[in-house]
Amino acid sequence: MIPAPRSLVLPVSEAAATLWDAGRPSGVVLVHGLLGRRTMHEIVAIAELLAERHDVLALDVRGHGETPGRFTWGREEWREVAAGVDHLAATGRRVAVVGFSFGGFHAVRAAAHGAPIERLALIGAPADLRVLDHFPLGPKLWRHLPAMRGRGRRRLSAEIPRRSSLRDDELARVKIPVLVVHGEGDWLISERHARRLAGALSASKRLDIPGGFHGEYLVHSHGRELAEALREFLG
């Protein structure tokens, strides 16, 4: 049975969140990507799927949705992820994090800073912000357009963009099991990022999905495959 969701504001970080709470011994934090929000259809769909087995908390990182502040392009957003993990872990839950696109970047950084994360799934996550190291304006982008049009308006308050990357020492500190998911039809994040993450994270497993879309859009193109992979990985 899926519990009814309720909204809350996480202490310290002031991040807006939605919680599906049934008092289970395990919890999952969902983190959206750039220009996303916790209420977007794809995040809610995954939350309701996982809420059949786990308590689920979906959050807005700073500058997105209902969370105040300015987006810092990966420098500080890990703090919202850590606050979500701490909220679920406070009652003794084992906590995993599923990060979509830039949300995966924030989640890795949270784990590197010591957030009590037991498992981590990265869906189309970048290892750095050099995402235009390939030609994005091709057939892969056009296949994403129907899903993009359904997203609606988004709010983003951000600092001036700056370079950011997950450093080798940060990746080396992440010793937990990690599932690195790469959609081979991803228009934005090239295979290079999945290769680096899977190669540098010592307990990682990589899953390539032929034709799979980018980040949250993978719910549209290969929702069943993603759901099965997350169920198996999260237990």
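Calculation criteria
Residues numbered from 1 in each chain as written. Predicted model: local features only at pLDDT ≥ 70, side-chain atom pairs only at ≥ 80, totals over all residues. Heavy atoms only, no water. Patch = residues over 30% accessible without salt bridge, like charges linked within 9 Å, V, L, I, M, F, W, Y side chains within 5 Å. Areas by Shrake-Rupley, 256 points an atom, 1.4 Å probe, with all protein chains shown as cover. Salt bridge = Lys/Arg side-chain N within 4 Å of Asp/Glu carboxyl O. Helix = DSSP H or I, 4+ residues; strand = E, 2+ residues; numbered from the N terminus. Buried < 20%, exposed > 50% of the residue type's maximum accessible area, 1.4 Å probe, protein only. Contact = heavy atoms within 4.5 Å. Phe/Tyr/Trp six-rings, centres within 6.5 Å; stacked < 30°, edge-to-face > 60°.

### Notes on a nonpolar patch on the surface
Nonpolar side chains collect at one region of the surface, where L34, L35 and L156 lie side by side and expose about 200 Å² of accessible area between them. By secondary structure assignment, the location of L35 is in the loop between strand 3 (26-31) and helix 1 (41-50). Residue L35 is classed as partly exposed on the basis of its relative accessible area, which comes to 34%.

### Describing helix 3 (residues 102-112)
Counted residue by residue, helix 3 has eleven buried out of eleven residues, so it is predominantly covered. Taken together, the buried positions of helix 3 are F102, G103, G104, F105, H106, A107, V108, R109, A110, A111 and A112. Those residues of helix 3 hidden inside the fold are in contact with strand 3, helix 2 (78-89), strand 5 (94-100), strand 6 (119-123) and helix 5 (168-172). Immediately beyond the C-terminal end of helix 3, within one or two residues, lies G114, with a positive phi of roughly 100°.

### Description of the pattern of salt bridges
One pass over the full model with this rule turns up 19 salt bridges. Here E76 and R79 are joined by a salt bridge, their closest N and O atoms 2.4 Å apart. With a relative accessible area of 41%, R79 lands in the partly exposed category. In this structure, D128 and R130 form a salt bridge, with 3.6 Å as the shortest nitrogen-oxygen distance. Classification of D128 as buried rests on a relative accessible area of 5%. When salt bridges that share partners are traced, they join R75, E76, R79, E159 and R162 into one network.

### Focus: the packing of aromatic side chains
Considering all chains together, one arrives at three aromatic pairs under this definition. Ring centres of F102 and F105 lie 5.1 Å apart, and the angle between their planes is 90°; this geometry places the pair in the edge-to-face category. Taken together, the residues span about one helical turn, with F102 and F105 both in helix 3 at a distance of three residues. For F105, a relative accessible area of 0% gives the class buried.

Worth remembering: the numbers are spatial, not functional.
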